[in-house]
Amino acid sequence: MSLVTTELISSGATLPMLIGGEWRVSDDSEVKGVTNPATLDLVARISYGGASQAKEACDAASAAFPAWAATSTRGRSDILISTSELIAERAKEIGELLSIETGKALNEAIGEVKFSAEYFKWFAEEIRRPRGEVFALEDPTRRQMTISRPIGVVASLTPWNFPVSIQARKLAPALAAGCSVVARPSEKAPIAVSELFRALVDAGVPDGVVNMIYGPASEQSYALIEHPSLRAISFTGSTPVGSSLMRLASERILRCALELGGDAPFIIFADADLDAAIEGLFIAKFRNNGQSCIAANRVFVEREVFDEVVDRIAKRTSSLRVGDPMSGQPIDIGPLIDQSRVRDVSGMVSEALSKGATFIGDPPIIPDGPNYIRPGFLKDVPMDCRLARDEVFGPVAGVFPFDSELAAIRMANDTEMGLAGYAYSRDSSRIFRIAEGLNVGILGLNHPLPSVAYAPMGGVKRSGLGREGAHLGLEEFMETTYLSIGVS
Ligand code: NAD
């Protein structure tokens, strides 16, 4: 199967935005190149708009909103089910585009696209369930109930690390709820995600209900927030950007759903199944080349098994396969997205090494290329290092010993973030104490991959506001109206 986007790229065409049902290359906008992080080859060119495209897209979404909101839930659900089927049918080809623009392993990229299809299916089904409440007869002169309504036009602002599934996690519930959307994908990974919008159009979504714009982040986000029709922003990205968007949104009292940075502790107790814990650690750390918001960021190991865990990490690290995901060879870790990520992660490693930390084990073979770094774990990292305190967002983490369960919980919670956490133990009572003791929104307990469409994802503290996925993800895009009806 050949995708429209692949054909456009092959013919050298500029990839368009979607505004009001029209795929448009804007006359008055720039053209921006997208590069493959493994090779730095130019992959595609996108039409890179500005504030005026954001405004036009919001006008289109506003015009389309009343009819979409009034469409039956069955009607909206059918379109989302067809969208899900189209995305699943096209998963391999969309996954190839995703792998080329982000450097993620091809099997992970295809998995991300299939996971995106799941969101459309799950929310298509969820919106058909009963909503609202009818209150008990407290006052016989009245009948009292609530109804749910879509919140209105929504801005869906997404990053480059899971550019397809994060956009799907916002689009699917927003559209199911009856909202219209202006989406702004990250300029670093804008290609594969455009196929979500093609699938929606092919599935019959009415013109203007979904719009996708490319362009400068702050200029377009601010234009959206200022637009009188916008009612909500759903943003995934870094905490500083989330916080600045929230400040702007507060002027207009816009609903904000914010999925922000992480700093996940990964705790291994002496009573854990160590084979499973090491397997889980390598998945939780190196998935998506270490660039996942829920990646294991600080590894805490009970002192009794610290040396054994370090030995096991050493053996496993040297056999990691690092390379270009499109080389034809299977890989575990690809390049980082760009030089700014490389500088940031390398800076944290250099600081830790200069203060006495050491890498655990020998490095794997690392190919030449600007965006590859040595992946692995470090021990003896002083607690004042950035590697011990900040989100790394790359394939590196510090490993720290602890002496008691209470100490592990205290160290794990010693962060401003609270997105995800992991713990491995065979003691079921301890598992519950950890679940209640860790101040995070998502916990992987004896399991490294918590994300699913039917469970709520989101953080506490500076990791964000609100939840995505599950019925809570739908609530983010709905308003509740309370009805008080006099009865004589
Ligand atoms: P980022 O905040 O720099 O970018 C995210 C999006 O915001 C991109 O589309 C970018 O173009 C846009 N943006 C950048 N500056 C902006 C500005 N001033 N105003 C408006 N928009 C702006 O984040 P990133 O580097 O792309 O992603 C990494 C961060 O995102 C990490 O902290 C990671 O933990 C977080 N993240 C969180 C989740 C989650 O679900 N909680 C998921 C993925 C990534």
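Residues numbered from 1 in each chain as written. Predicted model: local features only at pLDDT ≥ 70, side-chain atom pairs only at ≥ 80, totals over all residues. Heavy atoms only, no water.

**Q** Mind showing me how you'd approach the overall build of the protein here?
**A** Across its full length, the protein holds 16 helices and 21 strands. Its C-alpha radius of gyration of 23 Å places the protein within 12% of the 23 Å reference for a compact globule of 488 residues. The principal-axis extents of the C-alpha atoms in the protein amount to approximately 75 × 65 × 40 Å. A buried classification covers 56% of the 488 residues belonging to the protein. For the protein, contacts bridging at least 24 residues in sequence account for 73% of all contacts bridging at least 6. (Helix = DSSP H or I, 4+ residues; strand = E, 2+ residues; numbered from the N terminus. Rg over C-alpha atoms; globule rule 2.2 N^0.38 Å. Buried < 20%, exposed > 50% of the residue type's maximum accessible area, 1.4 Å probe, protein only. Contact = heavy atoms within 4.5 Å.)

**Q** Can you help me understand the sheet that holds strand E13 (residues 264-268) in this one?
**A** Through backbone hydrogen bonds, the strands of a sheet pair up, either in parallel or in antiparallel fashion. With respect to topology, seven strands assemble into an open sheet ordered E15-E16-E17-E14-E13-E18-E19, the strand pairing being mixed. The open sheet has two edge strands with one neighbour each: strand E15 (358-359) and strand E19 (442-445). In this sheet, strand E18 (residues 420-424) lies alongside E13 in parallel orientation, the contact comprising three bridges. Within E18, the residue paired with Phe266 across the bridge is Tyr422. Packed onto the sheet, helix H10 (residues 274-286) meets E13, strand E14 (296-302), strand E16 (376-379), strand E17 (396-402) and E18 and runs at close to 165 degrees relative to E13. (Pairing = 2+ DSSP bridges. Axes fitted to C-alpha atoms, helices over the stretch in contact; angles between N-to-C directions.)

**Q** So what exactly am I meant to see when it comes to the site of the ligand here?
**A** Around the ligand sit 27 residues in total, of which Thr158, Trp160, Ser238, Leu260 and Glu391 are the nearest. Here an oxygen atom of the ligand sits 3.1 Å away from a polar atom, N or O, in the side chain of Arg184. The separation between an oxygen atom of the ligand and a polar side-chain atom of Glu187 is 2.9 Å. Taken by itself the ligand offers 830 Å² of open surface, and the protein chains cover 86% of this. Comparing atom positions with the cavity grids shows the ligand to sit within the largest pocket. Of all elements in the fold, only helix H6 (163-177), helix H8 (217-226), strand E11 (230-236) and helix H9 (239-251) reach the threshold of two or more residues within the shell around the ligand. Per-element tally for the shell around the ligand: the top contributor is H8, with four residues. Taken together, the residues that form the shell around the ligand break down as twelve nonpolar, ten polar and five charged. Built from parts of two domains, the shell around the ligand gets at least three residues from each of domain 1 (4-260 + 463-483) and domain 2 (264-452). (Near = heavy atom within 4 Å. Polar contact = N/O pair within 3.5 Å; in protein donor to acceptor, adjacent residues only side chain to side chain. Areas by Shrake-Rupley, 256 points an atom, 1.4 Å probe, with all protein chains shown as cover. 1 Å grid on protein atoms, 1.4 Å probe; cavity = no way out; pocket = protein on both sides within 12 Å on 5 of 7 lines; lining within 4 Å. Sits in = over half its atoms within 2 Å of the grid points. Nonpolar A, V, L, I, M, F, W, Y, C, P; charged D, E, K, R; others polar. Domains from an automatic or database assignment.)

**Q** When you look at the nonpolar core in this model, what are you seeing that I'm missing?
**A** Phe120, Leu171, Leu175, Leu196 and Phe197 are the most contacted members of the largest nonpolar core, which has 83 residues in total. If you tally residues by element for this core, the top one is helix H5 (residues 106-126), at nine residues. Formed by 36 residues, the second largest nonpolar core is a distinct cluster that contains Phe266, Leu274, Phe282 and Val301. (Core = buried A, V, L, I, M, F, W, Y, C linked by side-chain atoms within 4.5 Å.)

**Q** Please explain the domain arrangement of the protein as it appears in this structure.
**A** Interfaces are often described in size by the accessible area the parts lose on coming together. Structurally, the protein comprises domain 1 (4-260 + 463-483) and domain 2 (264-452). In this structure, domain 1 and domain 2 have C-alpha centres spaced 31 Å apart. Opposite the 25 residues of domain 1 that make contact, domain 2 presents 28 residues. Carbon and sulfur atoms make up 60% of the area that domain 1 and domain 2 hide from each other, which totals about 2100 Å². (Buried area = accessible area lost by both parts, 1.4 Å probe.)

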